[in-house]
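Residue-level structure breakdown
Each chain, written out:
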Amino acid sequence: METKSVIAALAALAQESRLSTYRLLVQTGPQGLAASKIAEELDMAPSSLSFHLKELTNAGLIESRQEGRFIYYSANFDTMNQVLSYLTDNCCAGQSCAPSSTIKSCKP
């Protein structure tokens, strides 16, 4: 992963509403949620949510799909795995830095 892409992903998550949105979508899994449901769950105005979803999409952290008149958003687990890999590349001279029981996979 390119450094600029990692910076974009981290910058997108460095805001409370976007971080909450991303975490909700991770918890939901690959089926995702309709934008209206995300707004309801996070008690966020639709116009504000739209802005945050755009930022997360531009950073490659979430994906959208249209079903009928609804747009569903889901976390892009591949991007987050690449960000985590980038951040931990060459960690601790090749030795594990954390007990394996605390490391979670970013795959649903």
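Bear in mind that the values here come from a model prediction, so they are computed numbers and not experimental data. (Residues numbered from 1 in each chain as written. Predicted model: local features only at pLDDT ≥ 70, side-chain atom pairs only at ≥ 80, totals over all residues. Heavy atoms only, no water.)

1. Brief notes about a nonpolar patch on the surface
Quick note on the threshold: Patch criteria: residues need more than 30% relative accessible area and no salt bridge. Like-charged residues are merged within 9 Å; nonpolar side chains of Val, Leu, Ile, Met, Phe, Trp and Tyr are merged within 5 Å. Here, Shrake-Rupley sampling with a 1.4 Å probe gives the accessible areas, and only protein chains in the shown set may cover a residue. We define a salt bridge as a contact between a side-chain nitrogen of Lys or Arg and a carboxyl oxygen of Asp or Glu at a distance within 4 Å. Where helices and strands are cited, they refer to DSSP runs of H or I of at least four residues and of E of at least two residues respectively, numbered from the N terminus.
A contiguous nonpolar patch, built from M1, L10, L84, Y86 and L87 and spanning about 430 Å² of accessible area, is present on the exposed surface. Mapping L10 onto the fold places it in helix 1 (residues 3-13).

2. Overview of the nonpolar core
In plain terms, the rule: Nonpolar cores are built from buried Ala, Val, Leu, Ile, Met, Phe, Trp, Tyr and Cys residues. Side-chain atoms within 4.5 Å join them into one set. A simple rule labels every residue: compare its accessible area, found with a 1.4 Å probe on the protein chains alone, to the largest value its type can have, and call it buried under 20%, exposed over 50%, or partly exposed in between. What makes two residues a contact is simply this: any of their non-hydrogen atoms within 4.5 Å.
Y22, L25, I38, L61 and I62 are the most contacted members of the largest nonpolar core, which totals 22 residues. Every element with two or more residues in this core is listed here: helix 1, helix 2 (16-28), helix 3 (35-42), helix 4 (46-58), strand 3 (70-75) and helix 5 (77-88). Here this core takes four residues from helix 1, the largest share from any one element. When residues no more than four places from it in sequence are discounted, the contact partners of L25 are L33, I38, I62, Y73, S74 and A75.

3. Quick look at helix 4
Which entries qualify depends on this criterion: What a helix should span is 1.5 Å times the count of its residues minus one. The arc refers to the directions leading from the helix axis to the C-beta atoms.
Taking 1.5 Å per residue as the helical rise, helix 4 with its 13 residues ought to reach 18 Å, and the 18 Å between its terminal C-alpha atoms agrees with that figure. Residues of helix 4 that are buried include every one of L49, H52, L53 and L56, and no others. Down the axis of helix 4, the buried set is contained in an arc of 105°. They therefore lie on one face. For helix 4, exposure combined with an orientation more than 90 degrees from the buried face picks out S47 and N58. In this fold, the buried residues of helix 4 make contact with helix 1, helix 2, helix 3, strand 2 (62-67) and strand 3. The first or second residue beyond helix 4 is G60, which carries a positive phi of 80°.

4. Some points on the sheet that holds strand 1 (residues 33-34)
Formally: Strand pairing is defined by DSSP finding a minimum of two bridges between the two strands.
Taken in spatial order, the three strands line up as 1-3-2 in an open sheet, and their pairing is antiparallel. One side of each edge strand has no neighbouring strand; the edge strands of this open sheet are strand 1 and strand 2. Pairing geometry for strand 1 and strand 3, over two bridges, is antiparallel. When the bridges of strand 3 are listed, L33 appears paired with Y73.

5. Here's the deal with unusual backbone geometry
Here D43, not a glycine, exhibits a phi torsion of approximately 50°, which is positive. When you line up the elements, D43 lands in the loop between helix 3 and helix 4. A relative accessible area of 74% means that D43 is categorised as exposed.

6. Structural notes on the pattern of salt bridges
The final tally for this structure, using the stated rule, is four salt bridges. K37 is the partner of E41 in a salt bridge, and the nearest nitrogen-oxygen pair spans 3.3 Å. Of the two residues, E41 and K37 are both situated in helix 3; the distance of four residues between them amounts to about one turn of the helix. In this structure K37 comes out as partly exposed when scored by relative accessible area, which is 33%. Among the salt bridges present, the one from E67 reaches R65, with a minimum N-O distance of 2.8 Å. Looking at E67, the relative accessible area reads 40%, which means it is partly exposed. Residue classification places R65 among the partly exposed positions, given a relative accessible area of 31%. Beyond isolated ion pairs, a larger network of salt bridges with shared partners links K37, E40 and E41.

Everything listed here is a matter of geometry and, on its own, says nothing about what the molecule does.
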